[in-house]
Amino acid sequence: MEFRRINGLPPYVFSIINQLRDDARQAGRDVVDMGFGNPDIPSPDLAVDKLAEAARNPRNHRYSASRGIPKLRLAASNLYLRRFGVELDPDTEVVTTIGAKEGLSHLMWTLVGPGDTALVPTPSYPIHIYAPLFAGADVQQVRLGPDQDFFANLMESWESTWPRPRVIVFSFPHNPTTECVDLAWMQRIVDFAREHNVILVHDFAYSDTAFDGYQPPSIMQVPGAKEVAVELYTLTKSFSMAGWRVAFMVGNPEIVAALTKLKSYLDYGTFQPIQIAAIVTMNEAQDYPKVVNEIYQGRRDALCEGLNRIGWEIEPPKGTMFVWAPIPEPYREMGSLEFAKFLVTDAEVATSPGVGFGKGGEGFVRFALIENEQRIQQSIRNLRRSLTKLA
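Report on the accompanying structure. Nothing here was measured: the structure is a model prediction, and the numbers come from that model.

### Regarding the overall build of the protein chain
- In terms of helices and strands, the protein chain carries 13 helices and 12 strands.
- A compact globule built from 391 residues would reach a C-alpha radius of gyration of about 21 Å, and the protein chain, at 21 Å, matches this within 12%.
- Overall, the C-alpha framework of the protein chain stretches about 60 × 55 × 55 Å when taken along its three principal axes.
- Of all 391 residues assigned to the protein chain, the portion counted as buried reaches 58%.
- Sequence separation of 24 or more characterises 75% of the internal contacts of the protein chain that already satisfy a separation of 6 or more.
- Put simply, the protein chain shows about 17,100 Å² of open surface, and 50% of that area lies on carbon and sulfur atoms.
- Here the protein chain contributes 39 positively and 46 negatively charged side chains, and the mean placements of these two sets differ by 5 Å.

### Observations regarding the packing of helix H2 (residues 45-55) against helix H10 (residues 272-284)
- One can describe the packing of H2 onto H10 by two numbers: an axis separation of 8 Å at closest approach and a directional angle of 145°. H2 and H10 meet at a crossing whose hand is right-handed. Across the interface between the two elements, Leu46, Ala47, Lys50, Leu51, Ala54 and Ala55 from H2 touch Pro273, Ile274, Ile276, Ala277, Val280, Thr281 and Glu284 from H10.
- Classifying every residue of the contact of H2 with H10 gives 10 nonpolar, 1 polar and 2 charged.

### What about the pairing of strand S8 (residues 247-251)?
- For S8, the tally of buried residues reaches 5 of 5 residues, placing the bulk of the element in the interior.
- Burial of the side chains of S8 extends over both faces: Ala247, Met249 and Gly251 are buried on one face and Phe248 and Val250 on the other.
- Across 4 bridges, strand S2 (residues 94-97) lies against S8 in antiparallel orientation. The partner of Thr96 across the bridge, within S8, is Phe248.

### Looking at helix H13 (residues 373-386)
- Taking 1.5 Å of rise per residue, 14 residues should cover 20 Å, and H13 covers 20 Å from first to last C-alpha, within 8% of that figure.
- Within the span of H13, buried status applies to Arg375, Ile376, Gln378, Ser379, Ile380, Asn382, Leu383 and Ser386.
- Where H13 is buried, its residues meet strand S1 (32-33), helix H11 (288-309), helix H12 (335-347), strand S10 (349-350) and strand S12 (364-368).
- Capping the start of H13 is the job of one residue whose side-chain oxygen sits 3.1 Å from the backbone nitrogen of Gln374: Asn372.

### Here's the deal with the pattern of salt bridges
- Summed over the entire model, instances satisfying the criterion amount to 18 salt bridges.
- The shortest N-O distance in the salt bridge between Asp40 and Arg299 comes to 2.7 Å. In this pair, Asp40 is assigned in the loop between S1 and H2 and Arg299 in helix H11, connecting sequence segments 259 residues apart.
- On the accessibility criterion, Asp40 (37% relative accessible area) is partly exposed.
- The class of Arg299 is buried, set by a relative accessible area of 6%.
- One salt bridge in this structure joins Lys263 and Glu102, with 3.4 Å as the shortest N-O distance. With Lys263 in helix H9 (residues 253-266) and Glu102 in helix H4 (residues 100-111), this pair connects stretches of sequence that are 161 residues apart.
- Exposure remark for Lys263: the relative accessible area of 0% places this residue in the buried category.
- Each of the salt bridges in this network shares a partner with another, and the network as a whole consists of Arg21, Asp22 and Asp33.

### A closer look at the environment of Asn197
- Looking at where Asn197 falls in the secondary structure, it is placed in the loop between helix H7 (183-196) and strand S6 (199-203).
- Put simply, Asn197 and Ala277 are 80 residues apart on the chain and 39 Å apart in space, counted from C-alpha to C-alpha.

### Regarding the nonpolar core
- Within the largest apolar cluster, 95 residues are counted, with the highest numbers of intra-cluster contacts made by Tyr80, Phe170, Ile189, Leu200, Phe248, Trp312 and Phe367.
- Here this core gets 7 residues from one element, more than from any other, and that element is H11.
- Leaving out residues up to four positions away in the same chain, Phe248 has contacts with Leu72, Ala76, Val94, Val95, Thr96, Thr97, Glu231, Leu232, Tyr233, Leu235 and Met282.
- Core analysis: the second largest hydrophobic core is formed by 23 residues, Met108, Val112, Val167 and Ile199 among them.

### Observations regarding the packing of aromatic side chains
- Within the structure shown, the criterion is met by 21 aromatic pairs.
- For the pair Tyr130 and Phe134, a centre-to-centre distance of 6.4 Å together with 35° between the ring planes defines the contact as tilted. With Tyr130 and Phe134 both in helix H5 (residues 126-134) and 4 residues apart, this pair spans about one turn of that helix.
- Overall, the relative accessible area of 23% leaves Tyr130 in the partly exposed class.
- Overall, the relative accessible area of 28% leaves Phe134 in the partly exposed class.
- Summarising the aromatic geometry, the rings of Phe151 and Trp185 are spaced 6.1 Å apart at their centres and angled 85° between planes, so their arrangement reads as edge-to-face. Taken as a pair, Phe151 in helix H6 (residues 150-160) and Trp185 in helix H7 lie far apart in primary sequence, 34 residues in all. Accessibility classification places Phe151 together with Trp185 in one group, the buried group.

The rules behind each value
Residues numbered from 1 in each chain as written. Predicted model: local features only at pLDDT ≥ 70, side-chain atom pairs only at ≥ 80, totals over all residues. Heavy atoms only, no water. Helix = DSSP H or I, 4+ residues; strand = E, 2+ residues; numbered from the N terminus. Rg over C-alpha atoms; globule rule 2.2 N^0.38 Å. Buried < 20%, exposed > 50% of the residue type's maximum accessible area, 1.4 Å probe, protein only. Contact = heavy atoms within 4.5 Å. Areas by Shrake-Rupley, 256 points an atom, 1.4 Å probe, with all protein chains shown as cover. Lys, Arg positive; Asp, Glu negative; His and termini not counted. Charge placed at Lys NZ, Arg CZ, Asp CG, Glu CD. Axes fitted to C-alpha atoms, helices over the stretch in contact; angles between N-to-C directions. Left-handed = near helix turned anticlockwise from the far one by under 90°. Nonpolar A, V, L, I, M, F, W, Y, C, P; charged D, E, K, R; others polar. Pairing = 2+ DSSP bridges. Expected span 1.5 Å × (residues − 1). Polar contact = N/O pair within 3.5 Å; in protein donor to acceptor, adjacent residues only side chain to side chain. Salt bridge = Lys/Arg side-chain N within 4 Å of Asp/Glu carboxyl O. Core = buried A, V, L, I, M, F, W, Y, C linked by side-chain atoms within 4.5 Å. Phe/Tyr/Trp six-rings, centres within 6.5 Å; stacked < 30°, edge-to-face > 60°.

Dropping the structure here:
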């Protein structure tokens, strides 16, 4: 049978590692899983209690609003005001999405189509690459990562692409490379977009996941950003509410209206008790992201210190819940997929191969900080045993 849109998708390399992990576990082996970035930290008790209460009310069992109920959009606006000093109109500059992936994917349907081009980092979270492709657009992948000047690379890609790209998709702190930018960088990209009439889409998934005093900037903090930019904010990492699927797109009113119109044809919004619980969480559990962040920082330190101790040199990231690790030189010729397969089968440590994040990810593996510090120490012992070529 012939299908549309999915025939050109490459094999999902992460599934290869997942299968090896599952096979090893079925054989009784204890694999430390730091592959899939699936947060293990519990959601706030407040959120769970409010969800249970709201779910018992039959009035909340009916269809909800695809754009999000008014108090939810107001809560998101208030969060931006507290956190970033940014004023948002909850009626025209905020729309709720069923997670950031859904929001980004459907947003691309409104922004690009056949004949359009989007600039997207490589490596990148896969949906950043494939959402424009699903909409029929071409994707120009732009190198990002250690020893790369991403802004200069963007300018080079812009100049060499015709017709000119319509959209630039990016995300800082960045998954998978953990690269971070400051507000001055955001100012440069906004100035460029305003001059050249290009739309900016910033996935702000790790807005609160940052260490060592670093404060990730919102693009909405830049004067003039609302003319050209939208931003996706999610409760997934900040409040450890991954399975709840609550996110927002904020920014340019015309783009917000376009996504709102499309979503009105596609869904009836997230289950209303979840929306109600999210309102209470953002309003009354404002310190929970700090609690989550401290846990991730402890795990980051345990992993990076351990890897450096066994001769795998790693620079601790300033943001995200990941560590982007260059393959040690004695193993580099294996490539990221074969090296990740070796780690899961020989060292009993699951990671994500860099090539799964696009061509720019080759030569790296990604560790997700989803195991506790004791398990991380176990993974270091396993790696020390298996990586015999390290000094």
